[in-house]
Amino acid sequence: MAPSGGTIGKTSLRTTTFFRPHREMRGAAMSLSAAASGFVVFLLSVSVVQGQDGWAVTYTPTEICALRGSTVDMRCTYTYPSRMNGLKTTVEEVTWFDKMNRNEPVEVETDPQYSGRVDLQCGDNDCTLRITDLRESDSAEYKFRFKLSQHNERFTGSPGVTLSVTAHLDVQVKVSRSGVSQSSNWAELKCHSRCPRPERLHYIWYKNGQKIEGQTSRLYSVSSGPADSFSCAVEGYEAFRSPPVLVQGQDGWAVTYTPTEICALRGSTVDMRCTYTYPSRMNGLKPTVEETTWFVKMNRNEPLDLTTDPQYSGRLDAQCGDNNCTVRITDLRESDSAEYKFMFKLSQHKRHIGSPGVTLSVTAHLDVQVKVSRSGVSQSSNWVELKCHSRCPRPERLHYIWYKNGQKIEGQTSRLYSVSSGPADSFSCAVEGYEAFRSPPVYGPKLPSVSVSPSAEIVEGSSVTLSCSSDANPAANYTWYKTNGNGVSFKSQLVLRSIQSSDSGQYYCTAENELGRTTSESISVDVKYGPKLPSVSVSPSAEIVEGSSVTLSCSSDANPAANYTWYKENEDSPKASGQNFTITDFRAEHSGNYSCEAQNIRGSHRNTLRLTVVAASGMLAAAGTIPVVLLAVISLSVYLWIRKKRTSNESSEAEERPDNREQEEQGELQYASIHFSNNRADPTPLYSNHSPAGLPRHMEQQEVSEYAAVRFNSGSTAPRTRGEQSGVCEFTERSSLIWRHLVEQCL
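Note that the structure is a prediction, hence the values are computed from the model and not measured.

Thoughts on the overall build of the chain
Now for step 1: The helix and strand inventory of the chain stands at five helices and 60 strands.
Now for step 2: Burial status across the chain gives 42% buried among its 747 residues.
Now for step 3: Taking as baseline every contact in the chain between residues at least 6 positions apart, the subset at least 24 positions apart corresponds to 62%.
Now for step 4: Of the roughly 39200 Å² of accessible surface on the chain, a fraction of 48% belongs to carbon and sulfur atoms.

Section: the pattern of salt bridges
Now for step 1: Counting across every chain of the model gives 23 salt bridges.
Now for step 2: As a salt-bridge pair, Asp98 and Lys99 come within 3.3 Å of each other at their nearest N and O atoms.
Now for step 3: When its relative accessible area of 31% is taken as the criterion, Lys99 is described as partly exposed.
Now for step 4: Residue Asp271 pairs with Arg328 through a salt bridge whose shortest N-O separation is 2.7 Å.

With respect to the side chain of Arg415
Now for step 1: You can see Arg415 is positioned in the loop between strand S37 (407-409) and strand S38 (416-421).
Now for step 2: Take Arg415: its relative accessible area is 18%, and that puts it in the buried class.

Examining the state of the cysteines
Now for step 1: This structure, assessed with the given rule, holds six disulfides.
Now for step 2: Across a sulfur-sulfur distance of 1.9 Å, Cys468 and Cys509 are joined as a disulfide pair. Between Cys468 and Cys509, the S-S dihedral sits near 60 degrees, and the bridge is therefore right-handed. Taken together, the positions of Cys468 in strand S43 (residues 464-469) and Cys509 in strand S47 (residues 505-513) put the pair 41 residues apart, joining distant regions of the chain.
Now for step 3: Residue Cys554 pairs covalently with Cys596 via a disulfide, S to S 2.0 Å. Torsion about the S-S bond of the Cys554 and Cys596 cystine: about -85 degrees, corresponding to left-handed handedness. One end of the pair, Cys554, is in strand S52 (residues 550-555); the other, Cys596, is in strand S56 (residues 592-600), with 42 residues separating them in the sequence. Each of the two residues, Cys554 as well as Cys596, counts as buried.
Now for step 4: Cys76 forms no disulfide, and the closest cysteine sulfur to it belongs to Cys127, at a distance of 5.7 Å.

Comments concerning the nonpolar core
Now for step 1: Counting 46 residues, the largest nonpolar core has Met272, Trp294, Tyr340, Phe342, Leu360, Leu386 and Trp402 as the members making the most contacts within it.
Now for step 2: Other than its neighbours up to four places away in sequence, Leu386 contacts Val370, Lys371, Val372, Trp402, Arg415, Leu416, Tyr417, Val419 and Phe427.
Now for step 3: Ala66, Val94, Phe146 and Leu148 belong to the second-largest nonpolar core, a separate cluster that totals 30 residues.

Comments concerning the sheet that holds strand S55 (residues 580-583)
Now for step 1: With antiparallel pairing, the three strands of this open sheet are ordered in space as S51-S52-S55. Edge strands, defined here as strands with exactly one partner in the open sheet, are strand S51 (535-539) and S55. Strand-to-strand twist of the sheet, defined as the mean angle between neighbouring strand axes without regard to direction, takes the value 15 degrees.
Now for step 2: Bridge analysis of S52 against S55 gives four bridges, and the strand direction is antiparallel. The residue of S55 that forms the bridge with Ser553 is Asn580.

Section: the pairing of strand S28 (residues 302-305)
Now for step 1: Two elements, strand S27 (residues 289-299) and S28, share four bridges in a ladder whose sense is antiparallel. When the sheet's bridge partners are listed, Phe295 is paired in S28 with Asp305.
Now for step 2: Linkage of S27 to S28, two consecutive antiparallel strands, is achieved through a turn of two residues, within which Arg300 is found at a positive phi near 55 degrees.

Some details on the environment of Leu611
Now for step 1: Inspection of the secondary structure assignment puts Leu611 in strand S57 (residues 603-611).
Now for step 2: For the pair Leu611 and Val550, spaced 61 residues apart in sequence, the C-alpha to C-alpha distance is 9.7 Å.

Brief notes about the environment of Gly86
Now for step 1: By the element assignment, Gly86 lies in the loop between strand S8 (83-84) and strand S9 (87-88).
Now for step 2: Sequence separation between Gly86 and Asn484 is 398 residues; the distance between their C-alpha atoms is 10.0 Å.

Quick word on the packing of aromatic side chains
Now for step 1: One pass over the structure, following the stated rule, counts 25 aromatic pairs.
Now for step 2: Plain terms: the ring middles of Trp566 and Phe581 are 6.2 Å apart, the flat faces sit at 40 degrees to each other, and that makes the pair tilted. Linking Trp566 in strand S53 (residues 563-568) with Phe581 in strand S55, this pair joins segments that are 15 residues apart in sequence.
Now for step 3: Overall, Phe581 belongs to the buried group, its relative accessible area being 9%.
Now for step 4: By way of ring pairs, the aromatic residues Trp55, Tyr59, Tyr78, Tyr80, Trp96, Phe144, Phe146 and Phe155 are connected into one cluster.

A word on unusual backbone geometry
Now for step 1: In this model, Ser158 is joined to Pro159 through a cis peptide bond whose omega is 0 degrees.
Now for step 2: Within the secondary structure, Pro159 is located in the loop between strand S15 (154-156) and strand S16 (161-166).
Now for step 3: With an omega of 5 degrees, the peptide bond running from Asn473 to Pro474 counts as cis.
Now for step 4: Summarising the element assignment, Pro474 is placed in the loop between S43 and strand S44 (477-482).
Now for step 5: With a phi angle near 55 degrees, Asn208 is a residue other than glycine that sits in the positive phi range.

Side note on the confidence of the model for the chain
Now for step 1: Mean pLDDT for the chain: 74, with 71% of residues reaching 70 or above.
Now for step 2: Residue range residues 1-52 is modelled with pLDDT below 50. Its contacts to residues more than four positions away, or to other chains, number 143 contacts.
Now for step 3: Long-range and interchain partners of residues 179-184, a stretch whose pLDDT sits below 50, account for 13 contacts in this model, where long-range means more than four residues apart.

Thresholds applied
Residues numbered from 1 in each chain as written. Predicted model: local features only at pLDDT ≥ 70, side-chain atom pairs only at ≥ 80, totals over all residues. Heavy atoms only, no water. Helix = DSSP H or I, 4+ residues; strand = E, 2+ residues; numbered from the N terminus. Buried < 20%, exposed > 50% of the residue type's maximum accessible area, 1.4 Å probe, protein only. Contact = heavy atoms within 4.5 Å. Areas by Shrake-Rupley, 256 points an atom, 1.4 Å probe, with all protein chains shown as cover. Salt bridge = Lys/Arg side-chain N within 4 Å of Asp/Glu carboxyl O. Disulfide = S-S within 2.5 Å. Core = buried A, V, L, I, M, F, W, Y, C linked by side-chain atoms within 4.5 Å. Pairing = 2+ DSSP bridges. Axes fitted to C-alpha atoms, helices over the stretch in contact; angles between N-to-C directions. Phe/Tyr/Trp six-rings, centres within 6.5 Å; stacked < 30°, edge-to-face > 60°. pLDDT = per-residue confidence, 0-100.

Shown next, in the form of structure tokens:
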């Protein structure tokens, strides 16, 4: 199926096409879907795997039994906090897996074992894994994990979905005799298959080929006639019905045991009781009971009476009468564990043995424990499935007592108990009749305690260990986080072997088990280190002008904060202390190398910069270059203009004074000379960050008056026109109007 949605991490998100019924209809909907597709899959239960604060994974179903070659769907929905540390959370990656490699899930989609046989449909906070052409090797526990983009948070739903693939279902009915009357026998029937945990399945029962309405349990107590037959099937898969079995009355012979299975502690006392019936007449005669016997062993096909067995000497007492018989065994031993049967013999030499008998298991310790599976989550409580576990065989036949926060829960006698658990709730259980052997309580993690080692000052480069512990049963799993960061360790200890300054910050841990999740308070990790290479700078950053104010600055990363000292090259005593050092009237003697030393208790570090003042002569030379070039260009222009005008005048006067041509030509050769004057006294130095306009007025006038001069010398004593009255024209202004006026004067 082609994807129709966006992409999250390694898995394409698609809009799911699977039917999403209400919770109470999911089982039926899945069965219908399976039947329509030809699947042979048994839905066992719906379970939610929870994590506090909105984390949850819900599997539908949690246990699946399927035939080899069929197809199976495993579906889950998941939730997570909408915001973390003030940021909106988004899902980055989703994964179905059945094995781990170096503590990382191996995706089913990329596992060669499933090549070409898996399809993933994910979207809208649900994800369905489909596996086709099932093989026995596919039998495993499948889990779902999702990862958030923020903080590298990830959550795995555990326990997951248990898939069992079998080549044959082998559904069968097993019969245990329960009782007898004149017209019928009471029998206990059990529907058996190869599926694990068959008590979670729903069943259909048939009597003489007809479906029995309302009977869905694996166990069925039934009253049967002399020729009644019974068969069973797993609900939804009636094509795999068991072979029928015939429950016969046997002409009134019966033994009924109460109970049929007993679990007892070593040293205690147990009673095993039975009732028995037989035909009222045999061969026309009324029979009488001649002998009754409890036994566990046979010798040459004859029962060995317990009352004569040395193993029970002094510990056994039998009380029989009125078609019932009770045997009491005291001071029980592990060796007393066995199947006990009852036999009675009639006067007509007929005998009957009740089989199967009573199974007695004697143990030194009951070892009663509560095992926890997650079932659901809400804002204030967790739904969990509790199971009371002991060493007793066939524990589902026992009655149990449950306790919440030390108080007995009335009316709860099943081995399994689904309950809403608050953050401070604890639960325990006991086998009924053995209340003194109550299990240890189970409870969610208490507030974790955190510590740092060493507890003294933390120095950069050293090894630091953060520890997290919490009282919890089952034992908690731990995760360390750095505030505003990702999960940094998934163990109770976070070891920073060569700690750096970047590791400074707030750390906290979470403790989580099947009953809840708690978060510790933050701990301060403050790494001490010597100053790094200081950063030095000068303001203003341009060339330093003599007489101006200069500020040197210094900064360095250090913990604790550094102190700063300024030194000048070749001087022993410090110039100043503090991050900033200001020289208000910078002179030539201030030039040189300045170093800043940053120092704290962990060490010190220096950095150096060089300061140089710009000489005034250099400033004036730079300032005078541009005007001189400008004057040269203007003077050349004036020269060309004068020459053109003179040429015009000479051509008009040529006819009048031909004999003066030689003299005029000589005068033309001496027509002008340009003189630039730079006769200055040693000026006051100019600074690189000052413009000429900033000079004192008398100096400005002096410079302007001495920029340049243009001297014209015709070499003639003849009377001159107005422009010839003086041989020298001084250019003393920079204004274009003044220049034009001066040119006219020179003409």
